[in-house]
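In case you want the letters, here they are:
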Number of protein chains: 2
Amino acid sequence: MKANQQKNNEKLSECPFQEAMDLISGKWTMTVINTLMAGKLRFKELERAIEGINTRMLVKTLKELESRKIVNRKAYATVPPTVEYTLTKKGMTLQPVIKEIQNWAINNLQMTLSQ
Amino acid sequence: MKANQQKNNEKLSECPFQEAMDLISGKWTMTVINTLMAGKLRFKELERAIEGINTRMLVKTLKELESRKIVNRKAYATVPPTVEYTLTKKGMTLQPVIKEIQNWAINNLQMTLSQ
DNA sequence: CGGGATCCGTCCTGATACTG
DNA sequence: CAGTATCAGGACGGATCCCG
């Protein structure tokens, strides 16, 4: 997720696990992917769906995911502009990972929820 | 992983998934946990086992994980000192998550490995 | 050995303002 | 609507020095 990973890629890619974590560990990455699991969404829809994210981070996260072939971007020359984001096939393969994290969160974090 | 999460916990904990990602997404967090899956390790052993980490980040990560009850710390009053780190039961429950990430990494990232 | 404390530079993050 | 530009603050990362 970090911008300087392009420079460090040679080192990081020694280990697939590290590289995966590197991709996954962006603050909003998995949330965006998770939100897109439901299907095609426009930029503003994503922004509204993801609590707490702001424009800049959503743009950044989407660009990163696009460059990694996790997310697909389709722009239509309408006025106002329409841009739709979907998961690629590669992106869809992350579903089991997300499920596992969600499971873990539900089983091991719920008691720490205040209130 | 971030230090300011204690302040933000009320907001973050609205969503268990976000909270999980928050915990997981530390740069070294999952690597440390993964390394400890093999069993008990001393500080220097961990530092040597994890390529690229430095003392400060290992200390930080371990403290964070200790406070979250993921990692257990046992210190022995020997000379020189001996400190052993193990996963707690809660920490062990992350194994399926790590497995899933590893699986995904192997199946979807290996072709991006240079060389 | 197992850290703690500090300095210091870089990069990431978030909020705000602005544009086609 | 879908972004871009900018700026301040905090997190990260490495090096160094210190202690019991």
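Residues numbered from 1 in each chain as written. Chains lettered and ligands numbered in written order. Predicted model: local features only at pLDDT ≥ 70, side-chain atom pairs only at ≥ 80, totals over all residues. Heavy atoms only, no water.

**Q** Lay out the protein's contact with DNA strand D with the relevant residues and their values.
**A** Taken together, 25 residues surround DNA strand D, and among them Lys44, Arg73 and Tyr85 of chain A together with Lys27 and Arg56 of chain B come closest. What you see for DNA strand D is that sugar and phosphate hold 67% of its atoms within 4 Å of the protein. Lys44 of chain A is positioned such that a nitrogen or oxygen atom in its backbone is 2.8 Å from a phosphate oxygen of DNA strand D. The separation between a phosphate oxygen of DNA strand D and a polar side-chain atom of Lys27 of chain B is 2.3 Å. For the surface near DNA strand D, the leading source of residues is helix α5 (residues 55-67) of chain A, giving four residues. (Near = heavy atom within 4 Å. Polar contact = N/O pair within 3.5 Å; in protein donor to acceptor, adjacent residues only side chain to side chain. Helix = DSSP H or I, 4+ residues; strand = E, 2+ residues; numbered from the N terminus.)

**Q** So, the packing of helix α7 (residues 95-109) of chain A against helix α7 (residues 95-109) of chain B: which residues are in play, and what are the values?
**A** Interhelical geometry of α7 of chain A versus α7 of chain B gives an angle of 170 degrees and a closest axis separation of 9 Å. Accordingly, the angle class assigned to the pair α7 of chain A and α7 of chain B is roughly antiparallel. For the pair α7 of chain A and α7 of chain B, the contacting residues are Pro96, Val97, Glu100, Ile101 and Trp104 of chain A in the first and Pro96, Val97, Glu100, Ile101 and Trp104 of chain B in the second. Across the contact of α7 of chain A with α7 of chain B, the residue classes break down as eight nonpolar, no polar and two charged. (Axes fitted to C-alpha atoms, helices over the stretch in contact; angles between N-to-C directions. Parallel < 35°, antiparallel > 145°, perpendicular 65-115°, else oblique. Contact = heavy atoms within 4.5 Å. Nonpolar A, V, L, I, M, F, W, Y, C, P; charged D, E, K, R; others polar.)

**Q** Provide a residue-level description of the relation of the copies chain A and chain B, including the pertinent values.
**A** Laying chain A over chain B is done by rotating through 180 degrees and shifting 0.2 Å along the axis; what remains is an RMSD of 0.2 Å. Look at the turn and shift together and you get a two-fold axis relating the two. Every residue of chain A has its C-alpha some distance from the rotation axis, and the shortest such distance is that of Ser25 of chain A, at 2.1 Å. The fraction of interface residues of chain A whose copies in chain B are also interface residues reaches 100%, indicating that both copies meet through the same surface. (Least-squares fit on C-alpha atoms with pLDDT ≥ 70 in both.)

**Q** Give me the lowdown on the pairing of strand β3 (residues 82-87) of chain B, citing residues and values where you can.
**A** All names here are of chain B. Counting buried positions over the six residues of β3 gives five, a clear majority of the element. As defined by bridge partners, strand β2 (residues 71-76) adjoins β3 across six bridges and the pair is classed as antiparallel. Bridge pairing in β3 links Tyr76 to Thr82. Between the end of β2 and the start of β3, which pair antiparallel, lie five residues. (Buried < 20%, exposed > 50% of the residue type's maximum accessible area, 1.4 Å probe, protein only. Pairing = 2+ DSSP bridges.)

**Q** Describe the sheet that holds strand β2 (residues 71-76) of chain A, and please don't skip the residues or the numbers.
**A** All names here are of chain A. Strand order across the open sheet formed by three strands is β1-β3-β2, with antiparallel pairing between neighbours. Strands with a single pairing partner mark the edges of an open sheet, and in this sheet they are β1 (41-42) and β2. Packed on one face of the sheet, helix α3 (residues 29-36) meets β1, β2 and β3 (82-87) and runs near 95 degrees to β3.

**Q** Can you lay out the environment of Lys63 of chain B for me, pointing to particular residues and giving the numbers?
**A** Relative to the helices and strands, Lys63 of chain B is located in helix α5 (residues 55-67). The spacing of Lys63 of chain B and Lys89 of chain B is 26 residues in sequence and 17 Å in space, taken between C-alpha atoms.

**Q** Describe helix α3 (residues 29-36) of chain B, and please don't skip the residues or the numbers.
**A** Among the eight residues that make up α3 of chain B, seven are buried, leaving the element largely enclosed by the rest of the structure. Looking only at α3 of chain B, the buried set comprises Thr29, Met30, Thr31, Val32, Ile33, Thr35 and Leu36 of chain B.

**Q** Describe the interface of chain A and chain B, with residues and values.
**A** Contacts between chain A and chain B engage 33 residues on the former and 33 residues on the latter. Around 3300 Å² of area is buried between chain A and chain B when both sides are counted, 69% of it from carbon and sulfur atoms. When the buried area of chain A at its contact with chain B is split by residue, Phe17, Ile101 and Trp104 of chain A rank highest and sum to 22% of it. Counting the contacts that link chain A with chain B gives zero salt bridges. In this structure, the connection of chain A to chain B is made through four residue pairs in polar contact (both at pLDDT 80 or more). (Buried area = accessible area lost by both parts, 1.4 Å probe. Salt bridge = Lys/Arg side-chain N within 4 Å of Asp/Glu carboxyl O.)

**Q** Please set out the sheet that holds β2 of chain B residue by residue, giving values where relevant.
**A** Residue and element names in this part refer to chain B. Spatially, β1-β3-β2 is the arrangement adopted by the three strands of the open sheet, whose pairing is antiparallel. What marks the edges here is a single partner per strand, and that holds for β1 (41-42) and β2. α3 contacts β1, β2 and β3 of the sheet and is inclined by roughly 95 degrees relative to β3.

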